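Chains, contacts and geometry: an overview
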Amino acid sequence: MTVEAFPSIEEETGGFLHSHSLVALRAILHREALRFIGQRGRLVAALVRPLVWLFVFAAGFRAALGLAITPPYQTYITYEIYIVPGLVGMILLFNGMQSSLSLVYDREMGSMRLLLTAPLPRWWLLFCRLLAGSLMAVVQAYAFLAIAALYGIRFPWFGYLAAAPAILTAAMMLGALGLLLSSFIRRLENFAGVMNFVIFPMFFLSSALYPLWKMAEASPHLRDLCALNPFTHAVELIRFALYAKGNLTALAVTLAAFVIFGLVAIWGYDPARGLTARKA
Amino acid sequence: MSFPLLLLAPLLAATASDPSGEIWVTNEKDDTISVIDTAKLEVVRTIKTGERPRGITFNSDHSRVYICASDSDTVQVMDPATGEILHDLPSGEDPEQFILAPDDKHLWIANEDDAVTTVVDVDTRQVVGQINVGIEPEGMAISPDGKIVITTSETTNMAHWIDTEKKTIFANTLVDSRPRHAEFAKGGTELWVSSEIGGTITIFDVATQTEKVKIRFEIAGVNADLIQPVGFEFTADGKTAFVALGPANHVAVINGETFAVEKYVLVGRRVWHLAFSPDHTQLFTTNGVSGDVTVIDVATLEPLKSIRVGRFPWGAATRP
């Protein structure tokens, strides 16, 4: 489904929405939602990946942690509890990359050109696209948390509420990274490199699987590398939020990374200055 | 920074119950007692004791606290209000655990190195009896009517049944290897004995001194050798027992009616003994190796918090 398939603005809003910007936001959200619903396999794939980690990988490490208590935890926890925020981060990371993949696809198919030629600021169109993709990621994250709860891994009820803005912020940051990457990647075939050079290093060099103190035991440099990774901060933001606690450092780093990735992506998509101009 | 919803949590907790009181924890490596405020869930006082404090108990009105200072070879009597040691009691060598009779008059002490149980009159401060028991006596229990005292001996693997009137053993029952703790249950009709190396709890019928049930433990992902039951406590209604499983780092929750293990709660490393908050809504576990005390919510059976105390916390007692 493409943007030109939508009815006219007047028909679509029935006079309810007057701003063209909001119409664009709604249209892009609608398109992403339809794409999400239409691709059931994508939701299943998005959930199977973290669930395999939770049920198989984490089960073997049940007693591996529990030797030191680090915030936000107040007592000893099983590895399965520790890994859940990291797996939520994994969902957001893959979703961010997947939406960048679909942006490359859109560009190859020509629908991206149509979207970007709309008489609206480019940054706004890209932001709408980013927000739409991130909201879909939040839905996937909560579906995963619900399955984890059924499995017996539960958080305080207020943590589930407090986590929503944290998950959305993290999803936006990782989506912005995807947007940035999509402005660099010309062909779908080049996307495999993203898997090797972005997803894997980001996920493994983070606090998703092991706390930083555990990394420090192996090597202080490894710990420092993990501490520099914005994905670590996104995961910690979610981890703290699931206990209705804030982590200012994690929030600041995640927001800063979002702004930087976003600005570079907007620059990358600018036909006059960006990478698209040079490659055209 | 915290989310506004976080503000609701203490309000909800405050309306649920009033767990005010104290848990006194002996730290055997630090020669101190850590006093935990059960409402604040933090250490509010640290009190110096004799060497290697282990067993600890209060008298009925909580005006006195008795502490086994094992390496000082004495039982210390402390004023809990001031933390001042009032005097020592003659305990025999290496006192590890003891039990105070319901009338607050006699303290029954297990002397690990001497293979005797010593009876001390706490008013006259005199030894009024010594009973030869098995090798390395440790666990001590007294029936609610004060007529039977149990001493368990770690190496002989026996529970010795002592007539408190005659101060003589009237029965010996074999239990599994290394019995460490004993408690009477159900109004004194059952005796529970934990065996550390055997990994079991043996339940006896008190009237006949015969074995009634044996409880075994199994935790997924934990080696069976590490499951070493030590201290245990019953809820006020006697329907649930909590058993500390030593280096398995878990506390088992046992249904007192069916004797089935219903849950294992993750706590700190090498959990020794347990004590309830005065209102029985929280359970405190002493985690020897990790040097902390884990607080378990009795209603939800979820661990709430682990509180850092001194080195090698061992015994625990409740003060309202």
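Owing to the predicted nature of the structure, the values given are computational and were not obtained by experimental measurement. (Residues numbered from 1 in each chain as written. Chains lettered and ligands numbered in written order. Predicted model: local features only at pLDDT ≥ 70, side-chain atom pairs only at ≥ 80, totals over all residues.)

Let us look at the overall build of chain A. Helix and strand counts for chain A stand at 13 helices and zero strands. Reading the secondary structure of chain A in the N-to-C direction produces α-α-α-α-α-α-α-α-α-α-α-α-α. For chain A, with 280 residues in total, the buried portion stands at 42%. (Helix = DSSP H or I, 4+ residues; strand = E, 2+ residues; numbered from the N terminus. Buried ≥ 20, exposed ≤ 12 C-beta atoms within 10 Å, placed from the backbone.)

Turning our eyes to something else, we now look at unusual backbone geometry. Looking along the chain, the bond that leaves Pro71(A) and enters Pro72(A) is cis, with omega of 5°. With a phi angle near 55°, Glu136(B) is a residue other than glycine that sits in the positive phi range. Mapped onto the elements, Glu136(B) comes out in the loop between β11 (126-132) and β12 (137-142). Among the residues examined, Glu136(B) registers 21 C-beta atoms within 10 Å and is labelled buried. Located in the positive-phi region is Lys186(B), a residue other than glycine, with phi close to 50°.

All names here are of chain B. Read across the open sheet, the four strands follow the order β4-β5-β6-β7; overall the sheet is antiparallel. Only two strands of the sheet have a single neighbouring strand rather than two, namely β4 (53-58) and β7 (84-90). Each strand of the sheet is rotated relative to its neighbour by a mean of 25°, with strand direction disregarded. Sheet topology note: the strand β6 (residues 74-79)/β7 ladder contains six bridges and is antiparallel. (Pairing = 2+ DSSP bridges. Axes fitted to C-alpha atoms, helices over the stretch in contact; angles between N-to-C directions.)

It is worth spelling out the environment of Gln126(B) at this point. Looking at where Gln126(B) falls in the secondary structure, it is placed in strand β11. Taking the C-alpha atoms as reference, Gln126(B) lies 6.9 Å from Pro90(B); in sequence the two are 36 residues apart.

Right, let's get into the packing of helix α7 (residues 157-184) of chain A against helix α11 (residues 230-241) of chain A. Between two packed helices, what matters for the description is the angle formed by their axes and the separation of those axes. Residue and element names in this part refer to chain A. The geometry of α7 relative to α11 is characterised by a closest axis approach of 7 Å and an angle of 165° between their N-to-C directions. Considering the angle they form, α7 stands roughly antiparallel to α11. Where α7 crosses over α11, the two elements pack in a sense that is right-handed. Listed contacts from α11 to Gly159, Ala162, Ala163, Ala166, Ile167, Thr169, Ala170, Met173 and Leu174 of α7 are Pro230, Ala234, Leu237, Ile238 and Ala241. When the residues that make up the contact of α7 with α11 are grouped by side-chain class, the tally is twelve nonpolar, two polar and no charged. (Parallel < 35°, antiparallel > 145°, perpendicular 65-115°, else oblique. Left-handed = near helix turned anticlockwise from the far one by under 90°. Contact = placed C-beta atoms within 7 Å. Nonpolar A, V, L, I, M, F, W, Y, C, P; charged D, E, K, R; others polar.)

Further remarks concern the confidence of the model for chain A. Residues and elements named next belong to chain A. Model confidence for chain A is summarised by a mean pLDDT of 81, while 82% of its residues fall at 70 or above. Within chain A, α11 carries the highest mean pLDDT (95), whereas helix α1 (residues 9-13) carries the lowest (48). Below a pLDDT of 50 lies the segment residues 12-17, which in the model reaches seven contacts outside its immediate sequence neighbourhood of four places, other chains included. (pLDDT = per-residue confidence, 0-100.)

Residues and elements named next belong to chain B. The sheet contact formed by strand β1 (residues 22-27) and strand β2 (residues 32-37) spans six bridges and is antiparallel. Residue pairing for β2: Asn27 is matched across the bridge by Thr32. The hairpin turn running from β1 into β2, its antiparallel successor, is four residues long, and Asp31 in that turn takes a positive phi close to 55°. Alignment of β2 against strand β3 (residues 42-48), held across six bridges, turns out to be antiparallel. From the neighbouring strand, Ile33 faces β3, where its bridge partner is Ile47. In sequence, β2 turns back onto β3 through a hairpin of four residues, with Leu41 there showing a positive phi of about 55°.

Turning next to the sheet that holds strand β16 (residues 179-185) of chain B. Residues and elements named next belong to chain B. Strand order in this open sheet of four strands is β16-β17-β18-β19, and the pairing throughout is antiparallel. A single partner strand is all that each edge strand has here, and the edge strands are β16 and β19 (210-216). Averaged over all adjacent pairs, the angle separating strand axes in this sheet is 20°, with direction ignored.

All names here are of chain A. At a closest axis distance of 9 Å, the pairing of helix α3 (residues 40-60) and helix α4 (residues 79-109) adopts a crossing angle of 155°. As judged from the angle between their axes, α3 and α4 are roughly antiparallel. As α3 runs across α4, the sense of the crossing is right-handed. Of α4, the residues touching α3 (which contributes Ala46, Arg49, Pro50, Trp53, Leu54 and Ala58) are Tyr79, Glu80, Ile83, Leu87, Met90, Ile91, Phe94 and Asn95. Among the residues forming the contact of α3 with α4, the class breakdown is eleven nonpolar, one polar and two charged.

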